[in-house]
Amino acid sequence: MTIGELAKLTGLAASRIRFYEARGLIRVRRRANGYRDYGPEAAMLLEIIGNAQSVGFSLEQIRELLPLHSETWQHDRLVAP
């Protein structure tokens, strides 16, 4: 999906999505025309990032816990007290 579609779906500004991308929190592919192409997992990751920030996690802490690929998800670490 495009950044505009993702922004509409999540309620986040496109600039906020680009900010998270620049910080390495979400991954994006580029289409042949240079447009960003976000996968279906991007909306879920943005929700997790927002929730984690709202309870006090720093972006660095969030980056350490988020997976680069879904098969490396550290779910237990993420939800541990």
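Reading guide: rules and limits
- Residues numbered from 1 in each chain as written.
- Predicted model: local features only at pLDDT ≥ 70, side-chain atom pairs only at ≥ 80, totals over all residues.
- Heavy atoms only, no water.
- pLDDT = per-residue confidence, 0-100.
- Helix = DSSP H or I, 4+ residues; strand = E, 2+ residues; numbered from the N terminus.
- Expected span 1.5 Å × (residues − 1).
- Buried < 20%, exposed > 50% of the residue type's maximum accessible area, 1.4 Å probe, protein only.
- Salt bridge = Lys/Arg side-chain N within 4 Å of Asp/Glu carboxyl O.
- Axes fitted to C-alpha atoms, helices over the stretch in contact; angles between N-to-C directions.
- Parallel < 35°, antiparallel > 145°, perpendicular 65-115°, else oblique.
- Left-handed = near helix turned anticlockwise from the far one by under 90°.
- Contact = heavy atoms within 4.5 Å.
- Core = buried A, V, L, I, M, F, W, Y, C linked by side-chain atoms within 4.5 Å.

Draft legend 1. Quick peek at the confidence of the model for the protein chain. Here the protein chain averages 86 in pLDDT, while 81% of its residues score no lower than 70. Within the protein chain, helix α5 (residues 75–79) has the poorest average pLDDT of any element, 60, and helix α1 (residues 3–10) the best, 96.

Draft legend 2. Quick look at helix α3 (residues 41–54). The end-to-end C-alpha separation of α3 is 20 Å, in line with the 20 Å expected for 14 residues at 1.5 Å each. Of the residues making up α3, those classed as buried are Ala42, Ala43, Leu45, Leu46, Ile48, Ile49 and Ala52. Gly56 sits one or two positions beyond α3 and adopts a positive phi of about 105°.

Draft legend 3. Summary view of the pattern of salt bridges. Summed over the entire model, instances satisfying the criterion amount to 3 salt bridges. Between Asp37 and Arg31 there is a salt bridge; the shortest N-O distance is 3.6 Å.

Draft legend 4. Just the packing of α1 against α3, in detail. Where α1 contacts α3, the axes come no closer than 10 Å and their chain directions differ by 50°. The pairing of α1 with α3 is recorded here as oblique in orientation. The element α1 and its partner α3 pack so that their crossing is right-handed. Along the contact surface, α1 presents Leu6, Leu9 and Thr10, while α3 presents Ala42, Ala43 and Leu46.

Draft legend 5. Region of the structure containing the nonpolar core. One finds Ile17, Ile26 and Ile49 to be the most contacted residues of the largest nonpolar core, which totals 18 residues. At the level of elements, α1, α2 (14–22), α3 and α4 (59–65) are the ones that each hand at least two residues to this core. By residue number, the principal contributor to this core is α3, which donates 7 residues.

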